[in-house]
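The lines below spell out each chain.
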Amino acid sequence: MKDDKTTQNGTNRRKFLKMGLLSGATTVAGASLLANLTSEEELKASGEKIRVLTPDGKMVEVDAESINNYPEAHITPEESRKGIPGRKFVMVIDLSKCKNARTCVESCQKAHHLDYNEEYMKILLLQDHEEADPYWFPKPCYHCDEPPCVTVCPTGATFKRDDGIVLIDNERCIGCKFCVTSCPYSVRQFHWSHKPKFDNTDLPYSPETSVPGEVGTVMKCDFCPDMIRQGKLPHCVSSCPMGVIYFGDKNEDMVTNGEETVRFSELINDRGGYRYLEHLGTKPNVYYLPPVDRQFPLERGFDVDEEIIERYKDVPYVQDMKEKGKI
Amino acid sequence: MDVTIRKKELVKEFSPMLLKPSKWSKIWMAILVAFILYGLVALVVQLTKGQVVTGMRDNVVWGIYTINFIFFLCLSYSGAFASGVLHFFNTPWKNAVSRIVEIITVVSLIVGPIFIILCMARLDRLHYLFIYPRIQSPITWDVIAITTDLIGCLLYLYLTFIPDFAILRDNSEGLPKWRKKLYTSLAIGYQDTPTQRRRLHKITKIMSAMVIALAIVTYSVLAWIFSLTLQPGWNSTIFAPYFIVAGLYSGIGVVIIAMYLIRKYFKLDHYIRKAHFLSAGVILLITALLYGYFTFSEYFARWFSHKTHDANLLETLFNDYFWMFILANYIGILVPIAIVFFKKLRTIKTITFAAVIAVVGLWFNRYLIVVPTQETPYLPIQDTRPEFVHYSATWVEWALSFAGVAAFVLFFMLLMRLVPIIPMSGIIDYEKKGKVRRDGLTQQQQP
């Protein structure tokens, strides 16, 4: 089951590109380009059908090829381009509950073998306007449905899967960094130098784990597809003590933060869910619930290392607090 | 007038330039080679340690490599444009400058792309651009456009060289053997017969129109790399024409500087006259006005509508980059205009001075387009290492930038050792038409 709207947009764009290709057919690389365009092919059907029970209690028949028999098996870069069939992953972040505890950051760093200073998940301190109180704002990759980073990539090293996840194949990346500048949310980071941890080949590389890293390639939050395949939640979701982050499947209309499972549509509609910088037209798959009825005072977020506090020194609110000697 | 005798005379006049490098040109070449070697050391450092040795970090991922890339490509573009126009409309005084312009076009088109390659972190995977190309990406467009442009410009340059190769092959005595062989093979049997002459003229004319189109396409694609992204300050509809006008401005500046240096060091005062500087000065004035107009509209619209993100960008420009902004967008535009606007101020030296300011100002203008935008993205830069926030180029980047400029000048000097910088065939053509005096200038253009 696919989101109809995206499918339609996708084919329109493909049609347009094919037309452009035909008129520019004299390009040297024309042939290989065409081959590349058609590589986003549908899953091959094996013909063999298997009966499974859906979460809402219906018995359905699916193709045997669509079933992942070995959830913990290594997913090669080639396989990781396909995505998990029939899924459409979304994240909902409840800003009213975040207090910059940074467990999401730390557990993510641990799982992706990141250094202390490398974060896939960043926590910003935003203030919508002068009258509004500032709030903590966790920022993962938004896995947009119209991802600018995927459009600009010259080699297809970063790609959008059918299940909505945007991944990076760092064996394909040439380090041009166009994706970094094209992301309006500044999500992407870069391996500037070689590190000993990259040599650790205990686990073979998979774009689904983003481990091990590789010098001169780009990196970002991957929505932890390796965990999803095992039926677990991404590390940031399961580690958050406040249950700030909900994760789930839009097709099932369910999201969970590990403690409570709620309907995605109800959560968004009842609590005024929104996407950040909607006007850019990138169609993110990460939604935010506004920071109303806060559960914690903002100051609780400054209960962190001195070095971390320094990272917010340009925020007017922090400068104010420092003057008053409160931090 | 006997053409054969005249050819011999011309070869005699120009051969010291080709064969006997002066003491100064040797010293200059040694200095340039030293700069290039220093750049190569920096390159080795960058290749072994990775881009961590540059000033680029997670927030500012494109630094002065990208700026140099745009800068050199815009020289090439404007060179192609100018030389195409000169050839296509058969401008009467083109002969003295056309070859300078053509060489600038090709040399900068060779040096420019080196910088974008330096900006890529995985040079060992460069061939992936051709193995796994994606036509959606503006970088793929850029690769196609630049390679086409490069081939077109090289072809064009070569076409304009052929008659001179033939003259050098037939008329020079005491040439080293390898040079004679080189000229013979490069002249590809050109004997200056009427048929050959007509054919060559036709092809050159077609190519001169082609390179104009190619240059415009290539430079527009380059501008789109910025204007197609969603970043504040880059996502601008006027970037392509703006870049093209800016390219013309800096290109004409470099042509003037090259004319000045060549005239001075090779004593070519009777070929490159004041009239050439005055005409180039007027073009500089026109492009400066256009460029100033585009710059003003670009910033004025952002300032007047003051969307939050545009306002943040302008605040960065006027606080962190105040002096650079003044230098690039006030001094770099207004001073050349002031100099060339008043007839009394137009001398060879002042026009060259205006050109230097224009070129330097334009480099900083590119810097202000590329770097500050990356320092003020939509979401404020927080929760990141303090040393990752601001960009400043390191010695590696500077060494490679100067090596690039040195390579540009060195290639130029080497090409000048291959063929005379003033096309001999062109001189003969004009003298044949009888319109021109022996010094290569028409009466009414005498200053």
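Residues numbered from 1 in each chain as written. Chains lettered and ligands numbered in written order. Predicted model: local features only at pLDDT ≥ 70, side-chain atom pairs only at ≥ 80, totals over all residues. Heavy atoms only, no water.

(A) How the structure looks around the overall build of chain B. In terms of regular secondary structure, chain B is built from 15 helices and 0 strands. Scaling as 2.2 N^0.38, a compact globule of 447 residues should have a C-alpha radius of gyration of about 22 Å, and chain B matches this with 23 Å. Seen through its principal axes, chain B has C-alpha atoms that stretch 80 × 50 × 40 Å. If you take every contact in chain B between residues at least 6 apart in sequence, the share linking residues at least 24 apart comes to 83%. When the accessible surface of chain B is summed, it comes to about 19400 Å², and 70% of that surface belongs to carbon and sulfur atoms. Averaging the coordinates of the 43 positive side-chain charges in chain B and doing the same for the 24 negative ones gives two points 11 Å apart. (Helix = DSSP H or I, 4+ residues; strand = E, 2+ residues; numbered from the N terminus. Rg over C-alpha atoms; globule rule 2.2 N^0.38 Å. Contact = heavy atoms within 4.5 Å. Areas by Shrake-Rupley, 256 points an atom, 1.4 Å probe, with all protein chains shown as cover. Lys, Arg positive; Asp, Glu negative; His and termini not counted. Charge placed at Lys NZ, Arg CZ, Asp CG, Glu CD.)

(B) Representation of the pairing of strand 10 (residues 245-249) of chain A. Residue and element names in this part refer to chain A. Counting buried residues in strand 10 gives 5 out of 5 residues, a clear majority hidden from the surface. Of the two faces of strand 10, the one lined by Ile245, Phe247 and Asp249 and the one lined by Tyr246 and Gly248 are each fully buried. The pairing of strand 3 (residues 89-94) with strand 10 spans 5 bridges and is classified as antiparallel. Directly across from Met91, in strand 10, lies its bridge partner Phe247. Two strands pair when backbone bridges link them, and strand 10 and strand 11 (residues 254-256) are joined in this way by 3 bridges, in the antiparallel orientation. Bridge pairing links Phe247 to Thr256 in strand 11. Linking strand 10 to strand 11, which pair antiparallel, is a turn of 4 residues; within it Asp253 sits at a positive phi near 60 degrees. (Buried < 20%, exposed > 50% of the residue type's maximum accessible area, 1.4 Å probe, protein only. Pairing = 2+ DSSP bridges.)

(C) Molecular detail of the packing of helix 9 (residues 239-265) of chain B against helix 13 (residues 348-375) of chain B. All names here are of chain B. Relative orientation of the contacting elements helix 9 and helix 13 amounts to 140 degrees, with a least axis distance of 8 Å. In the packing of helix 9 onto helix 13, the handedness of the crossing is left-handed. Across the interface between the two elements, Phe239, Tyr242, Phe243, Ala246, Tyr249, Ser250, Gly253, Val254, Ile256, Ile257, Tyr260 and Arg263 of helix 9 pack against Ile348, Lys349, Ile351, Thr352, Ala355, Val356, Ala358, Val359, Leu362, Asn365, Arg366 and Ile369 of helix 13. A per-class count over the contact of helix 9 with helix 13 returns 17 nonpolar, 4 polar and 3 charged. (Axes fitted to C-alpha atoms, helices over the stretch in contact; angles between N-to-C directions. Left-handed = near helix turned anticlockwise from the far one by under 90°. Nonpolar A, V, L, I, M, F, W, Y, C, P; charged D, E, K, R; others polar.)

(D) How the structure looks around the sheet that holds strand 3 of chain A. All names here are of chain A. Across the sheet, 5 strands lie side by side as 12-11-10-3-13; this open sheet has mixed pairing. The open sheet has two edge strands, strand 12 (261-263) and strand 13 (286-289), and neither has a second partner. Along the sheet, successive strands turn relative to each other by an average axial angle of 25 degrees, direction set aside. Looking at chain direction, strand 11 and strand 12 are connected through 3 bridges and run antiparallel. Opposite Val255, over in strand 12, you have Val262 as the bridge partner.

(E) Expanded view of the interface of chain B and chain A. Facing 44 residues of chain B, the contacting portion of chain A comprises 60 residues. By the criterion of area lost to chain A, the three top residues of chain B are B:Leu379, B:Gln382 and B:Asp383, representing 18% of everything that side buries. Inspection of the region where chain B meets chain A yields 4 salt bridges. Of the charged contacts in the structure, one is a salt bridge between B:Asp383 and A:Arg311, with a shortest N-O distance of 2.8 Å. Listed by contribution, the elements that provide at least two residues to the side of chain B that touches chain A are helix 5 (128-131) and helix 6 (138-171) of chain B. Here the side of chain B that touches chain A gets 4 residues from one element, more than from any other, and that element is helix 6 of chain B. For the side of chain B that touches chain A, the per-class residue count stands at 25 nonpolar, 11 polar and 8 charged. (Buried area = accessible area lost by both parts, 1.4 Å probe. Salt bridge = Lys/Arg side-chain N within 4 Å of Asp/Glu carboxyl O.)

(F) Expanded view of the pattern of salt bridges. Using the criterion set out here, one finds 33 salt bridges over all chains in the structure. A:Arg311 is the partner of A:Glu307 in a salt bridge, and the nearest nitrogen-oxygen pair spans 3.5 Å. Assessed through its relative accessible area of 30%, A:Glu307 is described here as partly exposed. A salt bridge links B:Asp310 to B:Arg302; the nearest nitrogen and oxygen atoms lie 3.1 Å apart. Summarising the burial analysis for this pair, B:Asp310 and B:Arg302 share the class buried. Through salt bridges with shared partners, a single ionic network connects A:Arg102, A:Glu119, A:Lys122, A:Glu307, A:Arg311 and B:Asp383.

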